[in-house]
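The chain contents come next:
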Amino acid sequence: MGILTFSINLTLDGCTDHQEGIADDETHAFFTRLMDESGAMLWGRVTYEMMESYWPAVARGETEAPPAMREWAVKLEAKRKYVVSSQRSDFPWANSRHIAGNLRTAVQKLKDATPDGVLLGSGKLATELDRLDLIDEYLFLVHPRIAGHGPTLYESGLISTRRLDLISARPLCNGVFAMHYRRAS
């Protein structure tokens, strides 16, 4: 059985707005490596639509992008992508599949069928999956910025505090810290 790893960019004050992070070659290379090590991506509909609106054009060379971003886009195009949505069922981007039905059952089946693990990249969906005790690890890229606005991590709250054990803390040259945690036993 594979593990479910929640990974997201956030500022020091917990903002997860994708426009607030440092989107440079180093950050893209980090996420490309992380994606390479995972068997599939898992998103909510809003994240899927945001990604779909930009990355396929970069992968096809229709949008100018630095080499690290193009590498990410090409690999993302080929990666299996699963989308949780109650509002949409058609996801035409290459290798995208809809997850329907009982969320706990569907995501557990996905984890069981993906020995290389599943990489979760949606904040709202992470809250729901954390409430269902389905997230195994957390990999946060903490950016040296204070946004002063939302959305923020776990904005709608959890039932109880989630205790985590630190696996690693790695600084990147751009001032970002990659913080890797596992659920405490």
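Residues numbered from 1 in each chain as written. Predicted model: local features only at pLDDT ≥ 70, side-chain atom pairs only at ≥ 80, totals over all residues. Heavy atoms only, no water.

Undergrad: Lay out the overall build of the protein in plain terms, naming residues and giving numbers.
TA: In terms of regular secondary structure, the protein is built from six helices and eight strands. Here the C-alpha atoms of the protein give a radius of gyration of 16 Å, agreeing with the 16 Å that 2.2 N^0.38 yields for 185 residues. C-alpha atoms of the protein, sized along the principal axes, occupy 45 × 35 × 30 Å. Here the protein holds 185 residues, and the buried ones make up 44% of them. Accessible area for the protein stands at about 9,400 Å²; split by element, carbon and sulfur atoms hold 52% of it. Averaging the positions of the 21 positive and the 24 negative side-chain charges in the protein gives two centres separated by 5 Å. (Helix = DSSP H or I, 4+ residues; strand = E, 2+ residues; numbered from the N terminus. Rg over C-alpha atoms; globule rule 2.2 N^0.38 Å. Buried < 20%, exposed > 50% of the residue type's maximum accessible area, 1.4 Å probe, protein only. Areas by Shrake-Rupley, 256 points an atom, 1.4 Å probe, with all protein chains shown as cover. Lys, Arg positive; Asp, Glu negative; His and termini not counted. Charge placed at Lys NZ, Arg CZ, Asp CG, Glu CD.)

Undergrad: Please provide a residue-by-residue account of the nonpolar core, values included.
TA: If you look at the biggest cluster of nonpolar residues, it comprises 25 residues, and the most contacted ones within it are F30, W55, W72, L76 and L141. Secondary-structure elements contributing two or more residues to this core are α1 (25-37), β2 (40-44), α2 (45-52), α3 (55-59), α4 (67-78) and β6 (137-143). If we ignore the near neighbours within four places in the chain, the residues touching F30 are L139, L141, R170, L172 and A178. Counting 24 residues, the second-largest nonpolar core is a separate cluster that includes F6, V84, V118 and M179. (Core = buried A, V, L, I, M, F, W, Y, C linked by side-chain atoms within 4.5 Å. Contact = heavy atoms within 4.5 Å.)

Undergrad: Can you lay out the sheet that holds strand β3 (residues 80-84) for me, pointing to particular residues and giving the numbers?
TA: Overall, mixed pairing links the eight strands, which are arranged β4-β3-β2-β5-β1-β6-β8-β7 in an open sheet. Of all the strands in the sheet, just β4 (96-99) and β7 (164-171) have a single pairing partner and so form its edges. This sheet shows a mean twist of 25° between the axes of neighbouring strands, independent of strand direction. Across seven bridges, β7 lies against strand β8 (residues 177-183) in antiparallel orientation. Among the inter-strand pairings, S168 is bridged to a residue of β8, identified as H180. (Pairing = 2+ DSSP bridges. Axes fitted to C-alpha atoms, helices over the stretch in contact; angles between N-to-C directions.)

Undergrad: Talk me through the packing of α1 against α4; I want residue IDs and the actual numbers.
TA: α4 packs onto α1 with a crossing angle of 25° between their chain directions and a minimal axis gap of 8 Å. Judged on the interaxial angle alone, α4 and α1 are roughly parallel. In the packing of α1 onto α4, the handedness of the crossing is left-handed. Across from D25, H28, F31, T32, M35 and D36 in α1, the residues of α4 making contact are A68, M69, E71, W72, K75 and L76. Here the residues of the contact of α1 with α4 sort into six nonpolar, two polar and four charged. (Parallel < 35°, antiparallel > 145°, perpendicular 65-115°, else oblique. Left-handed = near helix turned anticlockwise from the far one by under 90°. Nonpolar A, V, L, I, M, F, W, Y, C, P; charged D, E, K, R; others polar.)

Undergrad: Outline α4, supporting the account with residue identities and numerical values.
TA: Compared with the 16 Å implied by 1.5 Å per residue over twelve residues, the 17 Å span of α4 between its first and last C-alpha is a close match. Every buried residue of α4 is accounted for by A68, M69, W72, A73 and L76. When α4 is viewed along its axis, its buried side chains cluster within an angular range of 135° and face the same direction. Exposed residues on α4 whose side chains face more than 90 degrees from its buried face are P67 and A78. Looking at the buried residues of α4, the elements they touch are α1, β2, α2, α3 and β3. (Expected span 1.5 Å × (residues − 1). Arc of directions from axis to C-beta.)

Undergrad: Talk me through the pattern of salt bridges; I want residue IDs and the actual numbers.
TA: One pass over the structure, following the stated rule, counts 13 salt bridges. The closest approach of N and O atoms between E49 and R88, which form a salt bridge, is 3.0 Å. Linking E49 in helix α2 with R88 in the loop between β3 and β4, this pair joins segments that are 39 residues apart in sequence. For E49, a relative accessible area of 29% translates into the label partly exposed. In this structure R88 comes out as partly exposed when scored by relative accessible area, which is 22%. When salt bridges with common partners are traced through the structure, they connect R45, E49, E52 and R88 into a single cluster. (Salt bridge = Lys/Arg side-chain N within 4 Å of Asp/Glu carboxyl O.)

Undergrad: Tell me about α1, residues and numbers included.
TA: When the terminal C-alpha atoms of α1 are compared, their 18 Å separation across 13 residues agrees well with the 18 Å that a helix rising 1.5 Å per residue should span. Among the residues making up α1, those that are buried are T27, H28, F30, F31, T32, L34 and M35.

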